[in-house]
Amino acid sequence: MSKLLAFFLLLSLGCQQRQQEARQETQQEVADAPAENQYKVIAIKDGDTIELLKDGKPLRIRLQGVDCPEKNQDFGTRARQFTSDLVFGQYVSMVVHDTDRYGRTVAEIILPDGRNLNQELVKNGYAWHYTAYSKDQELARLEAEARAAKRGLWEQPSPQAPWDFRKKKTTNPAGNPASGTSEQASSPAVATSGTKSGKAYLCESKSSKTYHLDKDCHLFQQCKSSTGTVSIAQAKSQKRTACKVCAK
C-alpha cells in the first residue's frame, strides 16, 4: 500500500513539474514576441539604410535626416557596423516621415531601449545631419557636439560629406584630371552624354519623378525597379524633371 501511495505521489509531482515548465515556456514565448508596431531588422545595407520585416515582407528603410559615409569612404564600414551592432536581429519601432523617389520608407528608428538610431549615429560621429532634407534642431545640436568632441569621423581634420563624395564621384568617375586642366574641366561632361544622344534613362518606380542623362549616374543605379530608355522629350511629357546630379 505504501509503495502504491509513493507511486501516486511521484506521479503527481511529475505532473506538477511538467505544468510548471509549460507555464514558464509560455511566459517566455510571450516575453520574446514583438510588441505591437515593432519590426525585426533583417538586413543592414549601410549605415543609414536597413531592412526590416513588416507584414511578412522586407521593407527598406532610409533613416530620416542623416547621411552616413559611403561604403568606400573613411568610416563607411564603421558606420555600417555601428548600425548593425545596435539593430540587427532586434525588434524596433519606427516613425515614418515619407517615401523617397526610390520607394524607400524614410523614417526614424526607435531602439528597444528607447534610443533613437538616427540620433545615435550623429551623436557618435558616424553620420552627418543631412541638412538638405532635415531641419531637425536636435540632430544639428548632436552634430555640433560630436564635432567639438572629435568623435568618430570628426577625428579627421577635414572629413568629406557623403553628398560631396557622391557628386565628385559622378562628375569625375576616373578621378584623374588631365594635366594642365581643372578637375571639373577634365572630367567627362556627364550631362552631355544624354543630351547629345537625346536619350533619357528612367527608373520605373511609381515614386520616381526624374529622368537621367547618364545611365551611370549613382542615383539611377540605385533604382530597385525596372528601368527604361526614352527620348528626353518623352521624359518631359511624363512631367519628369532632369536629375539634379547628372544634369549638372
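Residues numbered from 1 in each chain as written. Predicted model: local features only at pLDDT ≥ 70, side-chain atom pairs only at ≥ 80, totals over all residues. Heavy atoms only, no water.

Trainee: Summarise the overall build of the protein; cite the residues concerned and give the values.
Mentor: The number of helices and strands found in the protein is nine helices and eleven strands. Going through the 248 residues of the protein one by one, you find that 38% of them count as buried. Within the protein, contacts between residues separated by at least 24 positions form 59% of all contacts whose residues are at least 6 apart in sequence. Accessible area for the protein stands at about 15100 Å²; split by element, carbon and sulfur atoms hold 51% of it. (Helix = DSSP H or I, 4+ residues; strand = E, 2+ residues; numbered from the N terminus. Buried < 20%, exposed > 50% of the residue type's maximum accessible area, 1.4 Å probe, protein only. Contact = heavy atoms within 4.5 Å. Areas by Shrake-Rupley, 256 points an atom, 1.4 Å probe, with all protein chains shown as cover.)

Trainee: So what's going on with the side chain of Ser-134? Residues and values would help.
Mentor: Mapped onto the secondary structure, Ser-134 falls in the loop between strand S7 (128–129) and helix H4 (137–149). Within the structure, the side chain of Ser-134 is placed 3.1 Å from the side chain of His-129, a separation counted as a polar contact. (Polar contact = N/O pair within 3.5 Å; in protein donor to acceptor, adjacent residues only side chain to side chain.)

Trainee: Go over the nonpolar core, please, and point to the residues and values.
Mentor: Residues Ile-61, Val-87, Ile-109, Leu-117 and Leu-121 are the most contacted members of the largest nonpolar core, which totals 31 residues. Looking at this core, the elements with two or more residues in it are strand S1 (39–46), strand S2 (49–54), strand S3 (57–63), helix H2 (76–87), strand S5 (91–99), strand S6 (105–110), helix H3 (117–123) and H4. Considering each element in turn, this core owes the most residues, four residues, to H2. Not counting residues up to four positions away in its chain, the partners in contact with Ile-109 are Ile-50, Leu-52, Ile-61, Leu-63, Val-92, Ser-93, Met-94, Arg-115, Asn-116, Leu-117 and Asn-118. (Core = buried A, V, L, I, M, F, W, Y, C linked by side-chain atoms within 4.5 Å.)

Trainee: Any details on the layout of surface pockets? Residues and values, ideally.
Mentor: Taken as a whole, the largest pocket spans an internal volume of roughly 1400 Å³. What lines the largest pocket is a set of 42 residues, among which Arg-104, Tyr-130, Arg-166, Leu-219 and Gln-222 lie closest to the centre. Per-element tally for the lining of the largest pocket: the top contributor is helix H5 (residues 162–171), with six residues. The residue inventory of the lining of the largest pocket, partitioned by class, reads 13 nonpolar, ten polar and 19 charged. (1 Å grid on protein atoms, 1.4 Å probe; cavity = no way out; pocket = protein on both sides within 12 Å on 5 of 7 lines; lining within 4 Å. Points joined across faces, edges and corners; volume = space filled by probe spheres on them. Nonpolar A, V, L, I, M, F, W, Y, C, P; charged D, E, K, R; others polar.)

Trainee: Explain the environment of Thr-229 residue by residue, including any values.
Mentor: Structurally, Thr-229 is set in strand S10 (residues 227–231). For Thr-229, a relative accessible area of 47% translates into the label partly exposed. Expressed as a C-alpha distance, the spacing of Thr-229 and Leu-202, which sit 27 residues apart in the sequence, is 6.1 Å. Residue contacts for Thr-229: discarding those within four places in its chain leaves Lys-199, Ala-200 and Tyr-201.

Trainee: For the pairing of S5, give the residues involved together with the corresponding values.
Mentor: Examined bridge by bridge, S1 and S5 share two bridges and lie antiparallel to one another. In the strand pairing of S5, Tyr-39 is matched with Val-92. Direction of pairing for S5 relative to S6: antiparallel, over a ladder of six bridges. When the sheet's bridge partners are listed, Val-95 is paired in S6 with Glu-108. Connecting S5 to the antiparallel partner S6 that follows it, the hairpin turn spans five residues, and Gly-103 within it adopts a positive phi of roughly 85°. (Pairing = 2+ DSSP bridges.)

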